[in-house]
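Working through the structure, step by step
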Amino acid sequence: MRIDRTVETSAPTAEVFDFLADFTNTEHWDPGTVRTDLVSGDGGVGTTYANTSRFLGRTTELTYVVETYEPGTRIVLRGENKTVVAHDTMTFVPTANGGTSVRYVAEFDLKGMTKIVAPLLAPAFTRLGDKASEQLHATLGQLAR
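The next point concerns the overall build of the protein. Secondary structure assignment for the protein yields three helices and seven strands. For the protein, the succession of helices and strands along the chain, N to C, is β-α-α-β-β-β-β-β-β-α. Here the protein has a C-alpha radius of gyration of 15 Å; the compact-globule value for 145 residues is 15 Å, and the two agree. Across its three principal axes, the protein shows a C-alpha extent of roughly 45 × 30 × 20 Å. When the 145 residues of the protein are sorted by exposure, 43% land in the buried category. Between the centroid of the 14 positive side chains of the protein and the centroid of its 18 negative side chains there is a distance of 9 Å.

The following block contains the structure:
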């Protein structure tokens, strides 16, 4: 499963990066997130977050770890629990008008029995990606003001 969306905002890249690199802010822009807490670290490589998400009416816990942290450019996180491994990559590109283009790619590798139903989940992942893109755009629009 893969969600790949690009969102543009007039907010400056440094501000957008700082906001999204703080993964506790997922509560503001990711419609699937119920809560994200910082467990350890300073936001850079090795930082760990505890994420509670809701998907298809079920609540799940994932532990995310920052794997790549390139200020103003890219952040990569890996989340895992007993049924899924998630890889989230955010890439930031300044735009000509002083704003930012953010590409968000979330890849989900399902484990165990969940793999069997993966094809049936594709439409739900697409809807989740669309909602996340809309909410991310709206949230970043607030930064631009």
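Picking up after the structure, the text goes on.
In this structure the tally under the stated criterion is five aromatic pairs. Taking the centre distance of 5.3 Å and the plane angle of 65° together, the rings of Phe 17 and Tyr 69 count as edge-to-face. Of this pair, Phe 17 sits in helix H1 (residues 13-21) while Tyr 69 sits in strand S4 (residues 58-70), placing them 52 residues apart in sequence. Judged by its relative accessible area of 1%, Phe 17 falls in the buried class. On the basis of an interplanar angle of 75° and a centroid distance of 5.2 Å, the ring pair of Trp 29 and Tyr 104 is categorised as edge-to-face. Placement of Trp 29 in helix H2 (residues 26-29) and of Tyr 104 in strand S7 (residues 100-110) is noted, with a sequence separation of 75 residues between them. Note on accessibility: Trp 29 and Tyr 104 belong to one class, buried.

Another point: the environment of Thr 68. With respect to the helices and strands, the residue Thr 68 is situated in strand S4. For the pair Thr 68 and Ile 116, spaced 48 residues apart in the sequence, the C-alpha separation amounts to 31 Å. Discounting residues that sit within four places of it in the chain, Thr 68 has contacts with Val 45, Arg 74, Ile 75 and Val 76.

The subject of this paragraph is the pattern of salt bridges. Considering all chains together, one arrives at eight salt bridges under this definition. Residue Arg 103 pairs with Asp 4 through a salt bridge whose shortest N-O separation is 2.5 Å. Of the two residues, Arg 103 sits in strand S7 while Asp 4 sits in strand S1 (residues 2-9), which places them 99 residues apart along the sequence. Of the residues examined, Arg 103 reaches a relative accessible area of 38% and is grouped as partly exposed. A network of salt bridges, in which partner residues are shared, links Arg 2, Asp 4, Arg 103 and Glu 107.

Moving on, we get to the pairing of strand S3 (residues 48-55). One ladder, built from six bridges, connects strand S2 (residues 33-40) with S3; its direction is antiparallel. Pairing of Thr 36 across the sheet is with Asn 51, part of S3. Sheet topology places S3 next to S4; eight bridges connect them, and they run antiparallel. Bridging across to S4, Ala 50 finds its partner in Thr 63. Linking S3 back to S4 in an antiparallel pair, the connection comprises two residues, with Leu 56 at a positive phi of about 55°.

Reading guide: rules and limits
- Residues numbered from 1 in each chain as written.
- Predicted model: local features only at pLDDT ≥ 70, side-chain atom pairs only at ≥ 80, totals over all residues.
- Heavy atoms only, no water.
- Helix = DSSP H or I, 4+ residues; strand = E, 2+ residues; numbered from the N terminus.
- Rg over C-alpha atoms; globule rule 2.2 N^0.38 Å.
- Buried < 20%, exposed > 50% of the residue type's maximum accessible area, 1.4 Å probe, protein only.
- Lys, Arg positive; Asp, Glu negative; His and termini not counted.
- Charge placed at Lys NZ, Arg CZ, Asp CG, Glu CD.
- Phe/Tyr/Trp six-rings, centres within 6.5 Å; stacked < 30°, edge-to-face > 60°.
- Contact = heavy atoms within 4.5 Å.
- Salt bridge = Lys/Arg side-chain N within 4 Å of Asp/Glu carboxyl O.
- Pairing = 2+ DSSP bridges.

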